[in-house]
Amino acid sequence: MDKLGILVGVVGVVVVGVVVAISYQTYSLNNIKQVPPIDYMKNIPPKPDDYALIKREMDSGYIDISELNESYWLQPDFYPNWDKAKKFYDQHDYSRWGVYGHGAYPANPEVVFNTTEIGSWINFTVLYRTGYGIETYQGIKLVPEDNEYFDIEIIPNQFLLKPTFPVFAKDWVRQLKINVTIKKEPPKGNYTININAVRPDKEQAKKWFWQVLRRESTPEEQEMITRAKYQAEKEGKLPEKFEKWIEVGRKNKYVDASTFNVGPRITLKIKVI
Amino acid sequence: MEKIEKISAVVISVMVVVSGIASTAIAYDANNPWTGTVKWSIPSDTSFTVTFAGSQTQINFTASGKNDTLIEPDGQDAVAETPIITIENTGNTNLNFKCNLTSAKPSWVTHLKVCSTPFVIDATDFNTTLVLINSSIAPGESTPMYLWSYIENAPAGTTTRTLMIVSEQSA
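Residues numbered from 1 in each chain as written. Chains lettered and ligands numbered in written order. Predicted model: local features only at pLDDT ≥ 70, side-chain atom pairs only at ≥ 80, totals over all residues.

Visitor: Can you help me understand the overall build of chain A in this one?
Guide: When you go through chain A residue by residue, the secondary structure sums to eight helices and 11 strands. A burial count over chain A gives 32% of its 273 residues as buried. At a minimum sequence separation of 6, the contacts of chain A that also span at least 24 residues come to 82%. (Helix = DSSP H or I, 4+ residues; strand = E, 2+ residues; numbered from the N terminus. Buried ≥ 20, exposed ≤ 12 C-beta atoms within 10 Å, placed from the backbone. Contact = placed C-beta atoms within 7 Å.)

Here it is, written out as structure tokens:
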């Protein structure tokens, strides 16, 4: 009888344990099912009707980026390899986070001077964007290499790159104006001037730091916590750890973009004929 | 404490554009060849994405004492296959990734190792000479980066070095 009582007790505990586990798992799964997927494109404007044609012709040389409104170049697929980068969004791994990532497009502009007269100038537009899947706010300053014959002015030359995860920020791409001016008569030929990312000015960085630190939470950030905890449960890890990463470690994080620098950001080629 | 500073990534695609004289039909022959301008346009996008484990933003080796072995940077867990860094190839060509220190490691760092797998036995010692992290990473793919450090008679306090990561197009 005692043995039977113990056996019943053990079975009862096992049955209760299984019921609890199923309920907990069902609750977690239902939580996910009831929450709509993160709309990472919510801040992106609708595509213009001729978007596909414009994109096709971007390399033709006839389209000046400065003539396109932002509804073209705010689209993630305006840039190379969006189709491969989508996994950051569709299959996101919440155990990691995108910290550094940015770049120019086009990154290798070429200008041609048919005069060597001092004061002659050319200007053009380059787009500078945050990398895919980046959760931080990156302060960046772009500085051209010193050059004997040309002055290079970049407007703006320092700016705050906004995140692209969990949603693309409204201004995740910046339009830069680059002015190239002859300051000393150059010999005819080809010149290459690299433009590199450096640490932003300290006072500006401090302003950005506090601006970022004090920003309000967004609904998407709450959604990340739910999904991160679900991933943790699936992987047998501590949901609290994932939650803390998002709520504390990663929240409202400003970084210096030049900490992780991918060589020259823009390689400017100048031809003097 | 080690500090990451640089990574280079190159995105290259090649397009050939041919422009020529578009006008009335003219017969071209050896005495009157057609000449036009061929322009190789290399639209380039220098963007990249680097992810860190947990909530890390840099590489920190926190030793338990002045002598320590197999120190993993905060956030890395090789046993759980969690690298400190992953580097995404957001370009459109296969890339190799290499790394080195821009100045020699302190003498009390007896080993600084890097590997693209979580097995320190496969890791490569490195200092100021570039060593391979991983090769032929296809567009859209990524490479993990695991690091380990060993120290002997390390002084107290924080010491930094610049770790540079470079990429090159795979052969």
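Following the structure, the description resumes.
Visitor: Help me understand helix α8 (residues 239-249) of chain A, please; the structure alone is not making it clear to me.
Guide: An α-helical segment advances 3.6 residues per turn. Residues three or four places apart therefore align on the same side. Residues and elements named next belong to chain A. Taken together, the buried positions of α8 are occupied by F242, W245 and I246. Buried residues of α8, seen end-on, are gathered within an arc of 85° and therefore sit on one face of the element. Exposed residues on α8 whose side chains face more than 90 degrees from its buried face are E240 and V248. (Arc of directions from axis to C-beta.)

Visitor: Can you walk me through the packing of helix α7 (residues 219-234) of chain A against α8(A) in this structure?
Guide: Two measures define how a pair of helices packs: the angle their axes make with one another and the distance between the axes. All names here are of chain A. The geometry of α7 relative to α8 is characterised by a closest axis approach of 8 Å and an angle of 155° between their N-to-C directions. Regarding the angle of α7 to α8, the classification is roughly antiparallel. For the crossing formed where α7 meets α8, the hand is right-handed. Of the residues in α8, those touching α7 at E221, M224, I225, A228, K229, Q231, A232 and E233 are P239, K241, F242, E243, I246 and E247. A class-by-class count of the residues in the contact of α7 with α8 yields seven nonpolar, one polar and six charged. (Axes fitted to C-alpha atoms, helices over the stretch in contact; angles between N-to-C directions. Parallel < 35°, antiparallel > 145°, perpendicular 65-115°, else oblique. Left-handed = near helix turned anticlockwise from the far one by under 90°. Nonpolar A, V, L, I, M, F, W, Y, C, P; charged D, E, K, R; others polar.)

Visitor: Any chance you could explain the confidence of the model for chain B here in plain terms?
Guide: The predicted coordinates ought not to be read in detail in places where the model reports low pLDDT. Residue and element names in this part refer to chain B. On average, chain B scores 76 in pLDDT, and the residues at 70 or more come to 72%. A low-confidence stretch, residues 1-26 (pLDDT under 50), is modelled with 80 contacts involving residues beyond four sequence positions or located in other chains. In the predicted structure, residues 35-43 sits below a pLDDT of 50 and forms 21 contacts with residues beyond four places in sequence or in another chain. With a pTM of 0.79, the predicted complex shows an ipTM of 0.81. (pLDDT = per-residue confidence, 0-100.)

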